[in-house]
Amino acid sequence: MTTGIHHVTGITANVQANVDFYAGFLGLRLVKRTGGYEDAEQLHLFYGDAAGSPGSLVSFLVWEGGGRGRAGHGQVAEIGFAVPSASIGDWITRAMSAQITVEGPKREFGEPVLRLKDPDGLNIKLVGIDRKSQAPLPDANAPTHIHSVTLLSETPDKTAEFVSRFGYREERVEGAVHRLVSDSDVVDVRDASGFVPSVSGAGILDHVAFRASDVGAVREMRLAMKGIAGITNVHDRKYFLSLYVREPAGTLIEYATDAPGLTVDEPPEHLGETLFVPSHDMNRAEDLKLILPQFALPGEERFPMRDLPFIHRFHQPEDPDGSTIVLLHGTGGNESDLMPMAHKINPRATLLGVRGRSTEEGINRWFRRFDAVTYDQADIRAEAEAFAAFVEGAITGYGLDPQSMTFLGYSNGANLLGAVMQLHPHIVRRAILLRSVHALTDSPANDLAGLSALMLNGADDPFGSLSPALDLALRNGGATVDAHTVSAGHELTSEDIDRAKEWLGL
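Since the structure is predicted, the reported quantities are computational estimates derived from the model, not experimental observations.

Enquirer: Before we go on, may I ask you to explain unusual backbone geometry in this structure?
Expert: Apart from glycine, the bulk of residues carry a negative phi angle, and the bulk of peptide bonds sit in the trans form. Residue P105 follows G104 across a cis peptide bond; omega there is 10 degrees. Tracing the backbone through its elements, the reader meets P105 in strand 6 (residues 102-108). Here the bond from A259 into P260 is cis, since omega is 5 degrees, no more than 30 degrees from zero. Residue position: P260 is located in strand 16 (residues 252-260). Even without a glycine there, the phi angle at F109 is positive, about 50 degrees. Following the sequence through the fold, F109 ends up in the loop between strand 6 and strand 7 (111-117). For E361, which is not glycine, the phi torsion reads 55 degrees and is therefore positive.

As structure tokens, then:
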């Protein structure tokens, strides 16, 4: 029976910091980048040894700017990497040089252990143990394989018994920890009785996957677990086939085949260089390349992100023309939603997508509202002021040309944009307002001369009757407004793209 850990999957809220830590500090190789199979708009990165071997892999789902999770029972709480035993001192020095806090060394189950945290606060353990890597990395001190995972459980005996199904046997108990071993690695089950339950989010390990010899082994496991609640069907993840199940304490466990492996679509010498999109989303491949966050590997030229008051994302085209389109999403959207549309309008523009800071029932918005058409005026003004400060910071921090900036807002984003134009007329000089309404109850007496706006309203938009008030307010302030009605409701259409291109002279 094939035994051991296949991979461990975590969640990160900062893709660049994640890459810098795992491919930079730890020295692992980025061996695969894909859109998620459950959600293609979520980047999924795999790191491992030089060949992306099962047993060396740690992967991350990217929730850029996402909320923090909470460690608790029913969770993989820690991942351990095996490093050469003689390198422990070097790792302490490396951590200090990188300004990473490190605890230890101390001995656990007779092994030297260092503990540290990755940029999301995920618990990382470096264990000194000499075992040859299946595909060695260039750095002689780099991790050779996954040494262990630690599971927090309110029912440690039941959890340990469940894990034994995957080829593990209990070795011994040390304090609150049951140690189980396979032929290649370790599962530590820690008694977390009375502790809080885990909450998914950044800095949390989502699941651990154990190795299956082949598809037949996965199907046999599926049949053996037929009566267990939560068992899934077998999924084809392209690089492996797998099923998911939760052990009695709630930790998510995957059972995955070694084959066909990560080299099925990339040769070993080019692993991790190409972004792959799940086959069922190939019709969106070009859009997904825009939506998914960009990053640079250690040593590559990068675009440094600035610490500004709004979560934001840049997309830089291969042949930029010096212009920038700033994007404000609609209700429930995010900073990348409008990037495919903006790219179609001007493929050579740098795109700056911004995320609204207000939330309503868990969805992103730009300001609070009391009902569908009654808005919190104080919040609008506060967020408009904050957005104006953000734009000034972005211009300075990223070296943007204010004269070459176009602002594009949709729905709730367009409503804030219309307010910003009236409240801070020096910030936005050119705007495309899609399905917008007049959010301010009192328009300020500011001079809007020199501002130009394209307003595109939907013929069947249920909120369309509220658009003329914004048109009038902008015109009364001295702005130039080009208003059109398109054949649409509140949704966006290709006509919006064509009208915007024409207006921008593209």
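Enquirer: Teacher, can you tell me more about the environment of D371 here?
Expert: Mapped onto the elements, D371 comes out in strand 23 (residues 369-371). Judged by its relative accessible area of 39%, D371 falls in the partly exposed class. Along the chain, D371 and A473 lie 102 residues apart, while their C-alpha atoms are 22 Å from each other. Within the local environment of D371, its side chain forms a polar contact with the backbone nitrogen of V373, the two atoms lying 2.9 Å apart.

Enquirer: Sorry if this is basic, but what is going on with the side chain of H7 here?
Expert: Within the secondary structure, H7 sits in strand 1 (residues 5-12). The exposure class of H7 is buried, given its relative accessible area of 2%. Of note is the side chain of H7, whose polar atom sits 3.1 Å from the side chain of E254.

Enquirer: Honestly, a nonpolar patch on the surface in this entry has me stumped. Any pointers?
Expert: A cluster of nonpolar side chains, contributed by V373, F463 and L466, occupies part of the molecular surface with about 220 Å² of accessible area. Mapping L466 onto the fold places it in the loop between strand 27 (452-458) and helix 9 (467-476).

Enquirer: Looking at this structure, how should I read the packing of helix 7 (residues 377-398) against helix 8 (residues 412-423)?
Expert: The angle between the axes and the distance between the axes are what describe a pair of packed helices. With their axes 9 Å apart at the nearest point, helix 7 and helix 8 run at an angle of 75 degrees to one another. When the axes of helix 7 and helix 8 are compared, the pair comes out roughly perpendicular. Contact residues: I380, R381, E383, A384 and F387 in helix 7; L416, A419, V420 and L423 in helix 8. Per-class residue counts for the contact of helix 7 with helix 8 are 7 nonpolar, no polar and 2 charged.

Enquirer: What is the right way to read helix 10 (residues 494-504) from this model?
Expert: Along an α-helix, a turn takes 3.6 residues, which lines up residues three or four apart on a common side. Taken residue by residue, helix 10 has D496, I497 and A500 as its buried positions. Relative to the axis of helix 10, the buried residues are bounded by an arc of 100 degrees and lie together on one face. Looking at helix 10, the residues exposed on the side facing more than 90 degrees away from the buried face are S494 and E502. Where helix 10 is buried, its residues contact helix 6 (339-345), strand 26 (430-434), strand 27 and strand 28 (480-486). One or two residues past the end of helix 10 sits G505, with phi positive at roughly 75 degrees.

Enquirer: Would you mind showing me how to read the sheet that holds strand 27 here?
Expert: Backbone-to-backbone hydrogen bonds join strands into a sheet, with any given pair of strands oriented parallel or antiparallel. If you walk across this open sheet you meet the 7 strands as 18-20-19-25-26-27-28, and the pairing is mixed. Of all strands in the sheet, those with a lone pairing partner are strand 18 (312-315) and strand 28, marking the two edges. Within this sheet the neighbouring strands show an average axis-to-axis angle of 15 degrees, counted without direction. Examined bridge by bridge, strand 18 and strand 20 (residues 350-354) share 4 bridges and lie antiparallel to one another. Residue pairing for strand 20: H315 is matched across the bridge by L351.

Enquirer: Teacher, can you tell me more about helix 3 (residues 156-163) here?
Expert: Looking only at helix 3, the buried set comprises P156, T159, A160, F162 and V163. With its buried residues spanning 160 degrees around the axis, helix 3 presents them on a single face. Along helix 3, exposed side chains directed more than 90 degrees from the buried face belong to D157, K158 and E161.

Enquirer: Please clarify how the pattern of salt bridges should be interpreted in this entry.
Expert: Think of it this way: side chains of opposite charge can pair up when their charged atoms draw near. Counted according to the given criterion, the structure contains 33 salt bridges. Here E266 and K32 are joined by a salt bridge, their closest N and O atoms 2.8 Å apart. Highlighted residues: E266 in the loop between strand 16 and strand 17 (275-276) and K32 in strand 2 (residues 29-35), separated in sequence by 234 residues. Each of the two residues, E266 as well as K32, counts as buried. Residue D258 is joined to R211 by a salt bridge in which the shortest nitrogen-to-oxygen separation is 2.6 Å. Remark: R211 occurs in strand 13 (residues 205-212) and D258 occurs in strand 16; sequence separation between them is 47 residues. Classification of D258 by relative accessible area gives partly exposed; the value is 21%.

What counts as what
- Residues numbered from 1 in each chain as written.
- Predicted model: local features only at pLDDT ≥ 70, side-chain atom pairs only at ≥ 80, totals over all residues.
- Heavy atoms only, no water.
- Helix = DSSP H or I, 4+ residues; strand = E, 2+ residues; numbered from the N terminus.
- Buried < 20%, exposed > 50% of the residue type's maximum accessible area, 1.4 Å probe, protein only.
- Polar contact = N/O pair within 3.5 Å; in protein donor to acceptor, adjacent residues only side chain to side chain.
- Patch = residues over 30% accessible without salt bridge, like charges linked within 9 Å, V, L, I, M, F, W, Y side chains within 5 Å.
- Areas by Shrake-Rupley, 256 points an atom, 1.4 Å probe, with all protein chains shown as cover.
- Salt bridge = Lys/Arg side-chain N within 4 Å of Asp/Glu carboxyl O.
- Axes fitted to C-alpha atoms, helices over the stretch in contact; angles between N-to-C directions.
- Parallel < 35°, antiparallel > 145°, perpendicular 65-115°, else oblique.
- Contact = heavy atoms within 4.5 Å.
- Nonpolar A, V, L, I, M, F, W, Y, C, P; charged D, E, K, R; others polar.
- Arc of directions from axis to C-beta.
- Pairing = 2+ DSSP bridges.

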